[in-house]
Amino acid sequence: MNRVTQLFHIQYPIIQAGMIWASGWRLASAVSNAGGLGLLGAGSMYPEVLREHIQKCKQATTQPFGVNIPLLYPDINKLIDIVIEEQVPVVFTSAGNPKTWTSTLKAAGITVVHVVSSALFAAKSEAAGVDAVVAEGFEAGGHNGREETTTMVLIPAVCENVQIPVIAAGGIGSGRAMTAAFALGAEGVQVGSRFVASPEASSHPHFKQAVLEAKEGDTMLALKKLTPVRLLKNTFFEAVKAAEDNGADPEVLKAMLGRARAKTGMFEGNLEEGELEIGQVSALIHTLKPAGDIVKEIWDEFNVTRSNLCR
């Protein structure tokens, strides 16, 4: 037991990230049933779809689970109302100011965690009253901090600046990486990309296969004039890169991104024209495994690695 397992009432300090187009009720409940904390990814859900996934998750597990809510979501009020009405025990917030909703969620008895990309924002999140922070290095898939701070640097920097528990994210897909995160001061890990390569993830099979085939250097940050996002290289990425290299302004990039670009790629399986968000750790993912097996594999490797270091 440590502060993270006690905070969430879970067996292992392993959190499955609430990823868009991957983290539905099947994945979240499977991780929670395995002893970790599963998160529903509300960023790709309309409010009533989120409610449906919460209710199905409740039916599929008796263990704690949570919801990740990007604070810039257009219907944020509706999402907040739903997690309160459905008595979701844990909410991870991201992409916005934690001051806005933390007090509302905590007044409803919800444990609140905010995702940060710098020590400065970690301290601001602590001041806003969150119970823990996820410190996410820029190795991570999806949306990233503008600072481009790596996990190896970010975790100790955040740990030096806050008293609340720190959960490490970005480049973590194994027990060895979890051991490294703990050596840097983290008390838990948030794992995203590894869980994409599971049967329970709602992503398209073509996207999962692309993750398994990814090599070093196959992901890069793009759309830095909007919100930096790590993508697998494909036709869409190359078009964005060419536009950025030619000095495209944010409006041009927004037009290229359009609507539902991420859904097209990750959920519908268009590997050329879609937005394919995944982390650098994809280069180390070679097998599709059930989510429960992934939790056990990470935990077992963490314990073996830690024991070997203590010899």
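Up top is the structure these notes are about.
The rules behind these values
- Residues numbered from 1 in each chain as written.
- Predicted model: local features only at pLDDT ≥ 70, side-chain atom pairs only at ≥ 80, totals over all residues.
- Heavy atoms only, no water.
- Helix = DSSP H or I, 4+ residues; strand = E, 2+ residues; numbered from the N terminus.
- Rg over C-alpha atoms; globule rule 2.2 N^0.38 Å.
- Buried < 20%, exposed > 50% of the residue type's maximum accessible area, 1.4 Å probe, protein only.
- Contact = heavy atoms within 4.5 Å.
- Areas by Shrake-Rupley, 256 points an atom, 1.4 Å probe, with all protein chains shown as cover.
- Phe/Tyr/Trp six-rings, centres within 6.5 Å; stacked < 30°, edge-to-face > 60°.
- Lys NZ or Arg CZ within 6 Å of the ring centre and 35° of its normal.
- Pairing = 2+ DSSP bridges.
- Right-handed = clockwise from strand over helix to strand, strands pointing away.
- Axes fitted to C-alpha atoms, helices over the stretch in contact; angles between N-to-C directions.
- Parallel < 35°, antiparallel > 145°, perpendicular 65-115°, else oblique.
- Nonpolar A, V, L, I, M, F, W, Y, C, P; charged D, E, K, R; others polar.
- Core = buried A, V, L, I, M, F, W, Y, C linked by side-chain atoms within 4.5 Å.
- Salt bridge = Lys/Arg side-chain N within 4 Å of Asp/Glu carboxyl O.

Asker: Run through the overall build of the chain, naming residues and quoting values.
Answerer: Per the secondary structure count, the chain includes 14 helices and 11 strands. The C-alpha radius of gyration of the chain comes to 18 Å, within 12% of the 19 Å expected for a compact globule of 311 residues. Dimensions of the chain along its principal axes, counting C-alpha atoms only, are 50 × 50 × 40 Å. The buried share of the chain, reckoned over its 311 residues, is 56%. For the chain, the proportion of contacts with a sequence separation of at least 24, taken over those separated by at least 6, is 63%. Carbon and sulfur atoms make up 53% of the accessible area of the chain, which totals about 13400 Å².

Asker: How would you explain the packing of aromatic side chains if you had to name every residue and give the values?
Answerer: Per the counting criterion, the structure on display carries 5 aromatic pairs. Ring plane angle 35° and centroid distance 4.9 Å describe the contact between Tyr12 and Trp299, whose orientation is recorded as tilted. Note that Tyr12 is positioned in the loop between α1 (3–8) and β1 (14–16) and Trp299 in helix α14 (residues 291–309), a separation of 287 residues in sequence. Chaining the aromatic ring pairs together yields one cluster made of Tyr12, Phe182, Trp299 and Phe302. For Arg230, the ring lying beneath its charged end belongs to Phe138, and the centroid distance is 5.1 Å.

Asker: Describe the pairing of strand β5 (residues 111–116), listing the residues and the values that go with them.
Answerer: Side-chain positions along a regular strand alternate between the two faces of the sheet. Of all 6 residues in β5, 6 are buried; the element is thus mostly enclosed. Relative to β5, strand β4 (residues 90–94) is paired through 4 bridges, and the arrangement is parallel. Across the sheet, Val91 pairs through a bridge with Val112, a residue of β5. Pairing analysis gives 4 bridges linking β5 to strand β6 (residues 132–136), with the strands arranged parallel. Its bridge partner being in β6, Val115 is matched across the sheet by Val134. Once the chain exits β5 it traverses helix α6 (residues 119–127) before rejoining the sheet at β6, and the crossover so formed is right-handed.

Asker: Which residues make up the packing of helix α11 (residues 235–245) against helix α12 (residues 250–257), and what values do they have?
Answerer: In contact at an axis separation of 11 Å, α11 and α12 are set at 170° when each is read in the N-to-C sense. Taken together, the axes of α11 and α12 lie roughly antiparallel to each other. Side by side, α11 and α12 meet where Phe236, Ala239, Val240, Ala243 and Glu244 of the first sit next to Leu253, Met256 and Leu257 of the second. Grouping the constituent residues of the contact of α11 with α12 by class yields 7 nonpolar, no polar and 1 charged.

Asker: Please give an account of the sheet that holds strand β10 (residues 219–222) that cites residues and values.
Answerer: Remark on secondary structure: sheet strands pair via backbone hydrogen bonds, oriented parallel or antiparallel. In spatial order, the strands read β7-β11-β10; together these 3 strands make up an open sheet with antiparallel pairing. In the strand order of this sheet, the two ends are held by β7 (142–143) and β10, each with one partner. Sheet analysis places β7 next to strand β11 (residues 229–232), joined by 2 bridges and oriented antiparallel. Note that in β11 the partner of His143 across the bridge is Val229. Here α11 sits on the sheet in contact with β10 and β11, set at roughly 45° to β10.

Asker: How would you summarise the nonpolar core if you had to cite specific residues and measurements?
Answerer: One finds Leu50 and Val83 to be the most contacted residues of the largest nonpolar core, which totals 74 residues. At 6 residues, the largest contribution of residues to this core is made by α14. Non-local contacts of Val83, meaning those with residues more than four positions away in its chain, are made with Leu50, Ile54, Val67, Ile69, Val88, Val91, Leu105 and Ile110. Ile15, Leu37, Ala132 and Ala169 belong to the second largest nonpolar core, which has 14 residues in total.

Asker: I'd like to hear about the pattern of salt bridges, residue by residue, with values.
Answerer: In this structure the tally under the stated criterion is 14 salt bridges. The salt bridge involving Glu297 is made with Lys289; its shortest N-O contact spans 2.2 Å. Relative accessible area serves as the criterion here: at 34%, Glu297 is assigned to the partly exposed category. A single network of salt bridges, built from pairs that share partners, joins Glu48, Arg51, Lys58, Glu85 and Glu86.

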